[in-house]
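Listed below, chain by chain, are the residues.
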Amino acid sequence: QVQVVESGGGLVQSGGSLRLSCAASGSLFHIYVMGWYRQVPGKQRELVATVTSSDSTTYADSVKGRFTISTISTNNAKNTVYLQMNNLKPEDTAVYYCNVGKILPRTEYWGQGTQVTVSS
């Protein structure tokens, strides 16, 4: 089992910055990807950014050049993932969820979500 806890959301003005943090604990072996997704009411959850165990990153087109995903590892296991969000826009307003993916067996874990609100 993996426990996932996000922090760092809040209210910020357009053009501002926030950094989200996600701490994973428990059985951290075989983690192959960590990432951030977001969801607004009435819409599907969408990918924001992910980073694999080999440090390959993926970003949604809407956040490229503004958001940066990074991780910290302990004993060769990734256990913390950050999302640095710069030049925030009102359309970035959403609940942001941290996701941890494992193999052997293939399993996903989600955090409880953290609200990000960008005012215009």
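Residues numbered from 1 in each chain as written. Predicted model: local features only at pLDDT ≥ 70, side-chain atom pairs only at ≥ 80, totals over all residues. Heavy atoms only, no water.

So, the state of the cysteines
Turning to step 1, where the next piece is worked out: Scanning the entire structure with this criterion turns up 1 disulfide.
Turning to step 2, where the next piece is worked out: Residue pairing for Cys22: its cysteine sulfur links by disulfide to Cys98, the two sulfurs lying 2.0 Å apart. Handedness here is read from the sign of the S-S torsion; for Cys22 and Cys98, about -80°, the answer is left-handed. Pair noted here: Cys22 is in strand β3 (residues 18–26) and Cys98 is in strand β9 (residues 94–102), with a separation of 76 residues, a long-range link. The pair formed by Cys22 and Cys98 is uniform in burial state, with each residue classed as buried. (Disulfide = S-S within 2.5 Å. Helix = DSSP H or I, 4+ residues; strand = E, 2+ residues; numbered from the N terminus. Buried < 20%, exposed > 50% of the residue type's maximum accessible area, 1.4 Å probe, protein only.)

Here's the deal with the side chain of Thr114
Turning to step 1, where the next piece is worked out: Considering the arrangement of structural elements, one finds Thr114 in strand β11 (residues 114–119).
Turning to step 2, where the next piece is worked out: In terms of polar contacts, Thr114 uses its side chain to reach the backbone amide nitrogen of Gly9, at 3.2 Å.
Turning to step 3, where the next piece is worked out: Not counting the four nearest positions on each side in its chain, Thr114 is found in contact with Glu6, Gly8, Gly9, Leu20, Ala94, Val95 and Tyr96. (Polar contact = N/O pair within 3.5 Å; in protein donor to acceptor, adjacent residues only side chain to side chain. Contact = heavy atoms within 4.5 Å.)

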